[in-house]
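# Architecture at a glance
As a plain string of letters, each chain reads:
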Amino acid sequence: MEKKIYLDNAATTKTRPEVVEAMLPYFTELFGNPSSVYEYATQNKKAVDEARNNIAKAMGADITEIYFTGGGTEADNWALKATVDAYASKGNHIITSKIEHHAIIHTCEYLEKHGVEVTYIDVDENGILKLDQLEKAIRPSTILISVMFANNEIGTLQPIKEIGAIAKKHNILFHTDAVQAYGQLEIDVNELNIDMLSASAHKLNGPKGIGFLYIKKGVKIRSLIHGGAQERQRRAGTENVPGIVGFGKAVEIAMATMKDRIEHEIKLRDLLIKRVMEEIPFVRVNGDKIRRLPNNVNFSFQFIEGESLLIMLDMKNICASSGSACTSGSLDPSHVLLAIGLPHEIAHGSLRLTVGEDTTEEDINYTVDQIKEIVDKLRKMSPLYEDFMKKR
């Protein structure tokens, strides 16, 4: 079998062997429930606390501010729904952006059906939130601003520090979905004035099914899931000890390797952009050219369908995406690409490629060669492309 080239690290990452090794004893030998009182179980509680400490330390938080969840989506739901519940006496207005992950967008839509007012702030052509519009949208009833740290589709980094400062000035809670950024970039929750932050292990070479919500001391939101007293009475349910241990180990490795990994990913990302832009006509890079994730590239190719491109890349053993893995199979164009001003016909021709630490220069060159060939083949079958070329 030919080598599989995996360029969809924004969807999920490979669990590191060291992470799996750290997890294994907690499935078999050390299987005790950490909420039990006997010594055999307290070993597991100690392991959970060690992982919690690694996770907190990675962003300047206190160990008591980390609450484990089943993933980033649960953490996002918790932050929004519990804030609405806890701060109902103050108001019922939330502010977010038009390019959030569906874990935020769909939660906001749910809340709107239950009487919550939501303002969706525009972004510019690079996907950066319009700060002036954000500040103008604030009302006396505003209780929460939720803006993602980095966009999962186009890689754009938001001005988180400025947003945090605005929220603090107006005494409004600030939550950020940092699923794509935590463990990938340096984050200091105190410096950035972040009150709540969501993250997920499987985006940084950890296991699936485990995430956390950072809740700053003093933020009074309570449980989303009820039933037990776990997570200091804020998140019921027996702790996923193997997952938590794996998460802690993945964070430890991610922080130790961050500098070298970022340099490696930027080098390959920029090579990918350079070759595609120089060798394939009628293509654009989506997202900010500078303020973007080190590993993310999002292209829009005119006169082709992104779905066809993905299928043909898969036949060449290249794993890619047209956007969020959570909307895979949808025929609608990306809400993110529409929000940055792309027309439907161009948004449909999008391709997201996200490199990883195992990606090589040879992988990138092979991928670009295949994209060139496939795009050329698809355009030759397109009557729109034929008409366009005749008019030229």
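Residues numbered from 1 in each chain as written. Predicted model: local features only at pLDDT ≥ 70, side-chain atom pairs only at ≥ 80, totals over all residues. Heavy atoms only, no water.

## Considering the environment of K377
- Assignment of secondary structure puts K377 in helix α12 (residues 361-380).
- Along the sequence, K377 and L309 sit 68 residues apart, while their C-alpha atoms lie 9.9 Å from each other. (Helix = DSSP H or I, 4+ residues; strand = E, 2+ residues; numbered from the N terminus.)

## Notes on the pairing of strand β6 (residues 173-177)
- For β6, the buried fraction is high: 5 of the 5 residues fall into the buried class.
- By the alternation rule, side chains of β6 split into L173, H175 and D177 and F174 and T176, which are all buried.
- The sheet contact formed by strand β5 (residues 142-146) and β6 spans 3 bridges and is parallel. By the bridge assignment for β6, L144 is matched with L173.
- Since β5 and β6 lie parallel, the crossover through helix α6 (residues 160-169) that links them has a hand, and here it is right-handed. (Buried < 20%, exposed > 50% of the residue type's maximum accessible area, 1.4 Å probe, protein only. Pairing = 2+ DSSP bridges. Right-handed = clockwise from strand over helix to strand, strands pointing away.)

## Here's the deal with the packing of helix α8 (residues 241-279) against α12
- One way to put it is that α8 packs onto α12 with a least axis distance of 10 Å and a crossing angle of 25°. With respect to their mutual orientation, α8 and α12 come out roughly parallel. Here α8 and α12 pass one another in a crossing that is right-handed. Of α12, the residues touching α8 (which contributes K267, L268, L271, L272, R275, V276 and E279) are E361, I364, N365, V368, D369 and K372.
- Of the residues that constitute the contact of α8 with α12, the class distribution is 6 nonpolar, 1 polar and 6 charged. (Axes fitted to C-alpha atoms, helices over the stretch in contact; angles between N-to-C directions. Parallel < 35°, antiparallel > 145°, perpendicular 65-115°, else oblique. Left-handed = near helix turned anticlockwise from the far one by under 90°. Contact = heavy atoms within 4.5 Å. Nonpolar A, V, L, I, M, F, W, Y, C, P; charged D, E, K, R; others polar.)

## Topic: the packing of aromatic side chains
- The final tally for this structure, using the stated rule, is 10 aromatic pairs.
- Relative to F388, the ring of F282 lies with its centre 5.1 Å away and its plane at 85°, an arrangement referred to as edge-to-face. Placement of the pair is F282 in the loop between α8 and β9 (283-285) and F388 in helix α13 (residues 383-391), with a sequence separation of 106 residues.
- Among the residues examined, F282 registers a relative accessible area of 21% and is labelled partly exposed.
- The exposure class assigned to F388 is partly exposed, which follows from its relative accessible area of 29%.
- Arranged with centres 5.8 Å apart and planes meeting at 50°, the rings of F299 and F301 form a pair that is tilted.
- Overall, the relative accessible area of 0% leaves F299 in the buried class. (Phe/Tyr/Trp six-rings, centres within 6.5 Å; stacked < 30°, edge-to-face > 60°.)

## Side note on α6
- The complete set of buried residues in α6 reads I160, I163, G164, I166 and A167. Taken around the axis of α6, the buried residues stretch over an arc of 160°, which confines them to a single face. Pointing more than 90 degrees away from the buried face of α6 are the exposed residues K168 and K169.
- Looking at the buried side of α6, the elements it contacts are α5 (131-137), β5 and β6.
- Downstream of α6 by one or two residues, N171 has phi in the positive range, about 60°. (Arc of directions from axis to C-beta.)

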